[in-house]
Structure formats: C-alpha cells, structure tokens
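Chain by chain, the residues:
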Amino acid sequence: MTQTMLWTRSLRYGPASLALAIALLGTVAALQFAMPDTMPVILPFSESLYARTLAATDNDQRIDLANKTVNAAPGRAENWLLLASAYQQKDAALSGRVLDALRRSYAAGPLSPDAHDWRLAYVFSNWSLMPEDLRTSAMAEAEAYATRYAGFVYIKELAPTLPDGDGRMALGLVALTHDRAMDSARRVAQHRAMRETAPQ
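Residues numbered from 1 in each chain as written. Predicted model: local features only at pLDDT ≥ 70, side-chain atom pairs only at ≥ 80, totals over all residues. Heavy atoms only, no water.

Q: Mind laying out the overall build of the chain, listing which residues take part and the relevant values?
A: Helix and strand counts for the chain stand at 9 helices and 0 strands. Within the span of the chain, comprising 200 residues, buried residues form 34% of the whole. The long-range fraction of contacts in the chain, counting pairs at least 24 apart against all pairs at least 6 apart in sequence, stands at 47%. Per element, the accessible surface of the chain, about 12100 Å² overall, is 61% carbon and sulfur. (Helix = DSSP H or I, 4+ residues; strand = E, 2+ residues; numbered from the N terminus. Buried < 20%, exposed > 50% of the residue type's maximum accessible area, 1.4 Å probe, protein only. Contact = heavy atoms within 4.5 Å. Areas by Shrake-Rupley, 256 points an atom, 1.4 Å probe, with all protein chains shown as cover.)

Here it is, written out as structure tokens:
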C-alpha cells in the first residue's frame, strides 16, 4: 500500500518538479545572458565570464576570470585572446604566457571571425618580437581575412597605424597584394560587362 502511494505520488509530482527545475534553470540562464555584469555567475557560461573579465579592474582578478572563461569554453579563440590580453596587462610585456595564449588561440580558431581584429593588431604591432610560428599564423590569417571585403578594409586601415615598422611593412604588403587583386577583378568584370552590352 505504501509503495503504491509513493509510486502514484512520484508519477503525479515528478514531472511537475522536473518542469519547475527546468524553468528555474532557464530563467537563471536568461538572466545571466541578459545581465552578464550584474547577475551572479551561477551557470558557468563563457559569455558571462567574458563580460566579467572585461569589466574587471584588478589585474589578478582579470587573469582569474579569463582562466575561468577559457575553462568554460576552451574551443573559442576569443577566450584565449582574452587570457593573452589579461596576461599582457599584468606583465606589461610580451611574456611566455602571452605567447602561449596566442598560440592556443590559433589552435582553437585560426580564422575565427571574433578573433581577427584584436589578434592581428596585437601580433603585427609586436611583429619584431614575435616568434616565427606566430608570424606564420598571423600572415595566413591576414591573407585569408583580406579576401573578405570587411577584412580587406580593416587590414588596409590598420597597416599604417602599426608602431612596429616590420609589422607595418608585412601587413601593408598583404593590403597591397589584395588591393591589386581586387582592382584586377573589377577591371575584368567591367570589361566583361562592356562586351556583353556592346551591339553585335
């Protein structure tokens, strides 16, 4: 009799309890996404931790939060760049742990659209100090990014502002190469359009 009553109650209240728990977790998740800076981090979403890291003013706290962000989503290149930035601000130099985080960002997403701008600006700004493997990765990224119009515009505008002369020249060469390629493609398209519209 007792087991039958327990079974009946669990069938009656079990789904309702499960639905309530799911609704509660969904509400907490929605609040964390809506207010990443103010809502306590209950569920370890990398987006919430990322926003907290950006808002942190203390270097040690920024590094701690950046590490938590990476641990929450290690496959996102921008999380590794956040850690590299936190280390760079703490070390005030291009340290081994900054280089390691940069390498990991390339391993996670060599062509990640959320990583291009900061990573290219940082690597080419410190071009003379960068090891060969990071230079190779950055050149491949810049070449690929320049094939998109928005990427080409970004690279063309970034190149003359770089403080490192070698980096300025390397990125400027990428911009020049793609500028000429785009110009040639435009001319071919115009020539083809003129031939198609010319009277026969």
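Q: With reference to specific residues and values, describe unusual backbone geometry.
A: Although it is not a glycine, Ala-92 sits at a positive phi angle of roughly 55°. Locating Ala-92 in the fold gives a position in the loop between helix H4 (77–91) and helix H5 (96–108). Here Ala-92 falls in the exposed class, since its relative accessible area comes to 64%.

Q: Explain the packing of helix H2 (residues 46–55) against helix H3 (residues 59–72) to me, using residue names and the numbers behind them.
A: Running from N to C, H2 and H3 cross one another at 160°; their axes reach a closest spacing of 8 Å. Taken together, the axes of H2 and H3 are roughly antiparallel relative to one another. The element H2 and its partner H3 pack so that their crossing is left-handed. Of the residues in H3, those touching H2 at Ser-46, Leu-49, Tyr-50, Arg-52 and Thr-53 are Arg-62, Leu-65, Ala-66, Lys-68, Thr-69 and Ala-72. A class-by-class count of the residues in the contact of H2 with H3 yields 5 nonpolar, 3 polar and 3 charged. (Axes fitted to C-alpha atoms, helices over the stretch in contact; angles between N-to-C directions. Parallel < 35°, antiparallel > 145°, perpendicular 65-115°, else oblique. Left-handed = near helix turned anticlockwise from the far one by under 90°. Nonpolar A, V, L, I, M, F, W, Y, C, P; charged D, E, K, R; others polar.)

Q: Run through the packing of aromatic side chains, naming residues and quoting values.
A: Taken as a whole and judged by the stated rule, the model has 3 aromatic pairs. Between the aromatic rings of Trp-118 and Tyr-122, the centroid separation amounts to 4.9 Å while the plane-to-plane angle is 5°, which identifies the pairing as stacked. Taken together, the positions of Trp-118 and Tyr-122, both in helix H6 (residues 116–125) and 4 residues apart, correspond to about one turn of that helix. Each ring, one from Phe-124 and one from Trp-127, has its centre 4.5 Å from the other, and the planes form 5°; the classification is stacked. A relative accessible area of 0% means that Phe-124 is categorised as buried. The cationic tip of Arg-119 hangs over the ring face of Tyr-106; the distance from NZ or CZ to the ring centre is 4.0 Å. (Phe/Tyr/Trp six-rings, centres within 6.5 Å; stacked < 30°, edge-to-face > 60°. Lys NZ or Arg CZ within 6 Å of the ring centre and 35° of its normal.)

Q: Break down the nonpolar core for me, with residues and values.
A: Ranked by size, the top nonpolar core spans 36 residues in total, and within it Leu-102, Val-123, Phe-124, Met-130, Ala-142, Ile-155 and Leu-171 carry the most contacts. For this core, the secondary structure elements donating two or more residues are H3, H4, H5, H6, helix H7 (132–145), helix H8 (149–158) and helix H9 (165–197). Top contributing element to this core by residue count: H4, with 8 residues. Residue contacts for Ala-142: discarding those within four places in its chain leaves Leu-120, Phe-124, Ile-155, Leu-171 and Val-174. (Core = buried A, V, L, I, M, F, W, Y, C linked by side-chain atoms within 4.5 Å.)

Q: Please give an account of the pattern of salt bridges that cites residues and values.
A: A full pass over the atoms with the stated rule returns 7 salt bridges. For Glu-78, the salt bridge is made with Arg-76, and the minimal N-O distance between the two is 2.9 Å. (Salt bridge = Lys/Arg side-chain N within 4 Å of Asp/Glu carboxyl O.)

Q: Outline H3, supporting the account with residue identities and numerical values.
A: Taking 1.5 Å per residue, 14 residues should reach 20 Å; H3 reaches 20 Å between its end C-alpha atoms and fits that length. All of the buried residues in H3 are Arg-62, Ile-63, Leu-65, Ala-66, Thr-69 and Val-70. (Expected span 1.5 Å × (residues − 1).)

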